[in-house]
Amino acid sequence: MAARDTARVPAWVEPMLAKADGGRLRSGPEWAYEYKLDGYRAAMRIAPDGTTVLTSRNNIDFTAEFRGVTGVLDLDGQAALLDGEVVVYNEDGRIDFELMQERRGRYVKHQSSLRRDEPFDDLPVRFLAFDLLQLGERSLLASPYDERRRLLTTLPMPDLHKVSVVRAVTFAELDADHRSPADFLAHAADAGYEGVVAKLRSSTYQPGHRPDSWLKHPFIQTAEVIVCGWRPGQRSFTGTLGGLLLGAHDPATGDLVYIGDVGTGFSQAARADLVTMLTPLERRTHPFATTPPREDTTRARWVEPHLVGEVVYRQFTRGGRVRHTAWRGLRADKSPDDVRAPRSTGQAAPEPAPSEPAPPLGPKITVQAGNRRLTLSNLDKPLFPDGFTKGEVINYYSRVAPVLLPHLAGRPVTFIRFPDGVGGQQFFEKNAPRGAPDWLPTVTLPSTGSRSGRGEGTIDYALLDELPALVWAANLAALELHVPQWTVGPGATRRPPDRLVFDLDPGPGTSIVDCCRVAERLHDVLLADGLTPFAKTSGSKGMQLYCGIRTADPAAPSAYAKRLAQRLARETPATVTAVMVKAQRAGRVFVDWSQNNPAKTTVAPYSLRGREHPTVSTPLTWAEVRACRHVSHLTFTADDVLDRVETHGDLLAPLLETQAPLPAR
């Protein structure tokens, strides 16, 4: 590019910004709708000879970093200035900001290496244009949106993999197809976009302004933040970064104010890179206009407020704090001067239905759950490191109850309780705890272990057959629910197993992606044996396969599952093992057949897991299993699962309808 004409590249124009729509997508013939993209905002400035300069939202030169999209457009000697976004796609064909962040990290390292003069060739990027601000010598800033879009769509796009135009649709076009803006919104969500932007069709382009004519409707709440300090990690994070202390400028005064912290969402590499970047910026005192609360800044190491990042958050409180945050990455395209604190969002979660226990602010509340009145406590206590509270746990279990309870009915439940939250002390509990309500159904069964709890050789299991029992358990911080593959009958008799389970556990160097490949093989074998397999994630690292079965022999499922596991291990010993020995599991998926033992339990479908985020053991479609190419494809949180249930219902519901005799071989 050095030999070409950069002098005639159009001048940079400060981009126009979108205002939040307050949760109400605008509707009417005066509006058009575009996908909200999840990448780096950029201006593509093209000289008459084709010389192209990419410039960030803050006039930072992006050309070297994203050279792959430069020099693509041939406009027959015309200059042009396009507004758009540079994005990266994942293997699933969706825009992936996390991949863009990883690419950015590699670019920064490339720039500081001995190879910095060589072109940076990495993941391919794409420039998606959504506005045209200049064509030839004509400025289009005063032209209406419809005219700018018309001209933009007439530009030749010779390589759509590198440069293309973001789809836009007007209200009138949607209406002609008997669709609504809400339908477009739903399609954007299904396609993995960050949200939708509604644009007034008559509006001009207002550089540097955030008017009411561009209104964004995001699916997640994100905020730009200024990194003002950090805490060293503890326990498993000793020696690296534990969390960041965040700031932003008060919209009213312009003062730099403390707005909270973030301690999750970092990869190990990101933690190490941030420490490297922050160490040279350290200062003795905090940079805020007023001193933050002492309890928020224990062990803080302050830095000059030069770095801008982005977080996902659930709530911005009236006290000026972001809550339930997760880190998304640094934003090299943003300036600290432009970072403003979000507006208060009040409560984090929507109001629940009247029959559901609500997550209130007070320490205790009495709620109606089904036909029972329950007293709930400490509902604002965070139980997960990302801030997910006990109230939110109860809210989740209450809302997912219609699809969860059928998988618990008649099955003695083993709890894993986290009274001090994930990261604190946890314990298994088989016996219904003292103080359990009189109406809670229990079943007394012989103990299979050496210690029997409070009874001589027996255990009093809780049965969670109805909503009040599920809410009661959630109030005990019983995050995980584990059940056997059999149910109890009259007189506390144990019926024969009605489910067959294979637990696919990824060994070191493997992931759920490898489990999916093994699951596909098991699927075909089980079908050939007359069984109907169903898949779910474990909510942790692996997954399980279930089949509905009929058998009179409690030992038969283990024997059958063991034969299949050993068969797969013989056929592909490099990728599958059927033995639990850790030395044989590196690089392999362990097909655990032993959970069919009547004494063992498996995490229930729709159960939360005690991990860094409120992930859930989630039923899957086989299309999802076959398409999985990254761990993120099959990682679902409580919020994700509630949305999935609305869309799919219970994917495991046919387990009872598809019961078949267990093969004898």
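Residues numbered from 1 in each chain as written. Predicted model: local features only at pLDDT ≥ 70, side-chain atom pairs only at ≥ 80, totals over all residues. Heavy atoms only, no water.

### Here we look at the environment of Arg148
Argument step 1. Tracing the chain through its elements places Arg148 in helix α2 (residues 145–154).
Argument step 2. The buried category is assigned to Arg148, whose relative accessible area is 0%.
Argument step 3. Taking C-alpha positions, Arg148 is 5.6 Å from Leu132, a pair spaced 16 residues apart along the chain.
Argument step 4. When near neighbours in sequence (up to four residues on either side) are disregarded, Arg148 contacts Asp131, Leu132, Leu140, Ser143, Ser203, Thr204, Tyr205 and Trp214.
Argument step 5. In this structure the side chain of Arg148 is engaged in a polar contact, spanning 2.7 Å, whose partner is the backbone oxygen of Ser143. (Helix = DSSP H or I, 4+ residues; strand = E, 2+ residues; numbered from the N terminus. Buried < 20%, exposed > 50% of the residue type's maximum accessible area, 1.4 Å probe, protein only. Contact = heavy atoms within 4.5 Å. Polar contact = N/O pair within 3.5 Å; in protein donor to acceptor, adjacent residues only side chain to side chain.)

### As for helix α4 (residues 181–190)
Quick reminder: α-helices carry 3.6 residues per turn. Residues three or four places apart thus point the same way.
Argument step 1. Pro181, Phe184, Leu185 and Ala188 are the residues of α4 that are buried. In a view along the axis of α4, the buried residues occupy a sector of 100 degrees, so they form one face of it.
Argument step 2. The elements touched by buried residues of α4 are β2 (31–36), β9 (168–170), α3 (171–176), β10 (195–200) and β11 (214–218). (Arc of directions from axis to C-beta.)

### Side note on α2
Argument step 1. Burial in α2 covers these residues: Tyr145, Arg148, Arg149, Leu151 and Leu152. Down the axis of α2, the sector holding all buried residues measures 165 degrees, keeping them to one side.

### Re the side chain of Thr577
Argument step 1. Mapped onto the elements, Thr577 comes out in strand β31 (residues 576–577).
Argument step 2. What makes Thr577 buried here is its relative accessible area of 5%.
Argument step 3. Contact partners of Thr577, with chain neighbours within four places excluded, come to Ala569, Gln584, Arg585, Arg588, Val589, Phe590 and Val591.

### Structural notes on unusual backbone geometry
Argument step 1. One non-glycine residue, Asn378, lies in the positive phi region at around 50 degrees.
Argument step 2. Within the fold, Asn378 resides in the loop between β20 (372–377) and α6 (390–408).
Argument step 3. In the Ramachandran plot, Ala492 falls in the positive-phi region, its phi being about 60 degrees despite a non-glycine side chain.
Argument step 4. Summarising the element assignment, Ala492 is placed in the loop between β26 (488–489) and β27 (493–494).
Argument step 5. Judged by relative accessible area, Ala492 falls into the partly exposed class, the value being 33%.

### Points about the pairing of strand β29 (residues 533–537)
Successive residues of a regular strand alternate their side chains across the two faces of the sheet.
Argument step 1. Burial within β29 is extensive, with 5 of its 5 residues counted as buried.
Argument step 2. Taken together, the 5 bridges between β29 and strand β30 (residues 543–550) define a ladder with antiparallel strand orientation. Counted as the bridge partner of Phe534 is Tyr546 from β30.
Argument step 3. Counting the residues that bridge the hairpin from β29 to β30 gives 5 residues, and of these Gly539 lies at a positive phi of roughly 85 degrees. (Pairing = 2+ DSSP bridges.)

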